[in-house]
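If you want the building blocks of each chain, they are given just below.
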Amino acid sequence: MSRLGECVSRSILAGFYVGLMLFLAASGRGLAAEPYKIGAVFSITGGASFLGEPEKKTAEMIRDEINKQGGINGHPIELIMLDDETDPTKANLAVKKLVKEVPVIIGPSTSGTSLAVVGVAEEANVPLISCAASHKIVTPIESRKWIFKVAGSDSHVVGKMFEHMKKQGIQKIGIMTVSDGFGASGREELLRLAPENGITVVADERYGPQDTDLSAQLTKIRTSQPQAIVNWSTGPTQILAVKNWRDLGMDSIPLYQSHGFGNRKNIQLAGKGAEGVRLPLARVNIGPLLADDHPQKKVIMEYTKAYEAQFKEPVSSFGGHAWDSMHLAMAALKAVGPDAAKIRDFLENTKGFVGQHGTFNFSAQDHNGLSKEDLEMVVVKDGDWALAK
Amino acid sequence: MDSFSLGSALLQYTVSGLTIGVIYALVAIGYNIIYNVTEIINFAQGEFVMLGGLFAVFFAQSLHLPIFLAFVAAIGLTGLTGFAMERLVIRRARSSTVLSLIIITIAVSILLKGTAMFWWGKNPYSLPPFSSGRPFIVLGAAIQRQAVWIFAVSAIVVVCLTLFFRRSAYGKAMLASADNPSAARMVGIPVRQMVLLSFTLSAAIGAAAGVSITPISLMEYDRGALLGLKGFGAAVLGGLGQFFGALVAGIVLGLAESFCAGYLSSGYKDAVALVILLLALFFKPEGLFGSREAAKLKRF
């Protein structure tokens, strides 16, 4: 083409662009108000993708639902979601990027990635609602002014577990934990809370998140003759624990799992082996088992039905975290608008917020707002959850 | 409380160590086959193990084939993947240096892992064991039925490979291509075909390991890397290119890990393989069974 032709075609293109921009700007102003931005960082791929997947799906589902209903006070929600690939470094970079763009962030998915970003959000004065469990995410509270979390603390889970053990007369336990942030934090709480509950930890074993066999650890625990075993991990290793426990003929010793086991897929993967496994679980997993007058029944059943209809897979604790963080962020945006400092204050003063994981009562001292009473002790029975006695 | 003695514990550690050890050995043998013919260290070897397991899940659960057919089909399909890898990637770059080829295998491993993630998603998958039933209890230690199958599969692989390399014309031709490619070409051995065969064969062996281990340890898209690393450790420890060495080193590695978890701290289990690998590289870089003279002649 000649230079002249090229020049002409370029100006046509440029003119078209300008026109389009003007049109978009005009129509945007006419149709809807400025969108409210919510930032999200989830581990959509990588080792913790089983957390990030349902979180991503839930957050997007809620966004579409609210936008269809006309948004928050007429403002549509814009969800800026980044994948940290279960890598603390990438999570840190993602949050650094988001704090410049959004007034509130939900996520990250894991304790490890959350701890890697609390400093960034704190420094930038942007409220961050983590979906992970470790209590270190929100303590010490003096340096966690802007950090909240919607997952119950490990100490609640351990407390619930020990309460059940005491009822069963169990005093000697063997514990096995995975050597990542989740396992290390669980191990710390188990060892810390055991003495005050009159429980002795007689074996303390660890393993890697990619391990293919746990029979050595289980065998070592067996030699110390505990009355119960606690396994604390997420992902495939907790199924390995069940399989090995069953195969080694150790099923006479009850097996407790952490709340990480709270996904029906785990029961399917472990097959019949999972029968009798006990764990403290958030109520979001067991909506149909709850009494009709339970305060959480309604929100849980609505979420469960919508999620299962759209994605053809059972709900999990993790999607529930995304629901809680997303709805808290939206409640704040609705009440105070897109102002980071006001959102922070609103979250800190939120009381009686009924979510998927319990009734949240935040305060200046407690940025989690849950307690062990927000958990139920369940047992795997006939391939499904049942309330434990 | 069950009566469980320290002797039973020792036996249990040994059984667990042996089970995982022969899997490492199979992965190491896969490295060796390709290394012998091409001097390439194929870092996609771990992904073959993962693919074997996941293909078997596909055949057994989506197509409802009986487990043995699924086993064979998964090995065949993974072998085909190895075939394709050589034909489509390695052959095109055949004039590159060995180092570039090794880097190419890393790229292939990332590609395979990514494809597996898209295809199967990120959840782990399980297979039913080859034969069902309670584990055997020997002197208080439990031996899973699947562990027996793993030993059987490994034994069959080792025997077949030995026969293949010692007796068959193809096997001998492969060894000849490894010893001296130019001389082999001169006596009429199609060296390229031997390279192709080596990739296919080692992919198939990796897949056999993958299918056998899936009923015990599940399989997901990113399991390949760690198994590949441990297998590589075993291959180096046994002396690169040594089949018998790989078998012994794999078992040594498996036992060391298991005993470390049992008697020291389970937290250090994964470090054991790497420490052994480093020690081997410092003090006996040619491996337990490699010869020092031969090692000097090799570039890697």
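Quick caveat, the model's predicted, so the values are computed rather than measured. (Residues numbered from 1 in each chain as written. Chains lettered and ligands numbered in written order. Predicted model: local features only at pLDDT ≥ 70, side-chain atom pairs only at ≥ 80, totals over all residues. Heavy atoms only, no water.)

**Student:** Would you explain the sheet that holds strand β4 (residues 128-130) of chain A in this entry?
**Tutor:** Strands in a sheet are paired, the pairing made by backbone hydrogen bonds, and the direction either parallel or antiparallel. Residue and element names in this part refer to chain A. Reading across from one edge, β2-β1-β3-β4-β5 is the order of the five strands in this open sheet, with parallel pairing throughout. Looking at strand neighbours, the two that pair on one side only are β2 (77-83) and β5 (147-149), the edges of this open sheet. Pairing of strand β1 (residues 36-42) with strand β3 (residues 105-106), which is carried by two bridges, proceeds in the parallel orientation. Residue pairing in the sheet places Ala40 in a bridge with Ile106 of β3. (Pairing = 2+ DSSP bridges. Helix = DSSP H or I, 4+ residues; strand = E, 2+ residues; numbered from the N terminus.)

**Student:** Looking at this structure, I do not really get the domain arrangement of chain A. What am I missing?
**Tutor:** Reports often express the size of an interface as the amount of accessible area lost when the parts come together. Residue and element names in this part refer to chain A. Per the domain assignment, the segments of chain A are domain 1 (36-152 + 297-372) and domain 2 (155-283 + 375-387). Across the boundary between the two partners, domain 1 contributes 18 residues, which contact 19 residues of domain 2. Interface area, domain 1 with domain 2, both sides summed: about 1600 Å², of which 56% is carbon and sulfur. When the area that domain 1 buries against domain 2 is broken down by residue, the three leading residues are Phe50, Pro314 and Lys372, summing to 33%. As a salt-bridge pair, Glu163 and Lys372 come within 3.4 Å of each other at their nearest N and O atoms. Linking domain 1 with domain 2 are four residue pairs in polar contact (both at pLDDT 80 or more), by the criterion used here. Each residue belonging to the side of domain 1 that touches domain 2 can be placed in one class, and the counts come to six nonpolar, nine polar and three charged. (Domains from an automatic or database assignment. Contact = heavy atoms within 4.5 Å. Buried area = accessible area lost by both parts, 1.4 Å probe. Salt bridge = Lys/Arg side-chain N within 4 Å of Asp/Glu carboxyl O. Polar contact = N/O pair within 3.5 Å; in protein donor to acceptor, adjacent residues only side chain to side chain. Nonpolar A, V, L, I, M, F, W, Y, C, P; charged D, E, K, R; others polar.)

**Student:** How do you make sense of unusual backbone geometry when you look at a structure like this?
**Tutor:** The general pattern is negative phi for most residues beyond glycine and trans for most peptide bonds. For the bond running from A:Gly107 to A:Pro108, omega is -5°, close enough to zero to count as cis. With omega at -5°, the peptide bond leading from A:Thr139 into A:Pro140 counts as cis. We note that A:Gln225 has phi near 50°; this positive angle belongs to a residue other than glycine. Relative to the helices and strands, A:Gln225 resides in the loop between α7 (215-223) and β8 (228-232). Given a relative accessible area of 33%, A:Gln225 falls into the partly exposed group. Positive phi outside glycine occurs at B:His64, with the angle close to 55°. Looking at the secondary structure, you find B:His64 in the loop between α2 (45-62) and α3 (67-90). The exposed category is assigned to B:His64, whose relative accessible area is 65%. (Buried < 20%, exposed > 50% of the residue type's maximum accessible area, 1.4 Å probe, protein only.)

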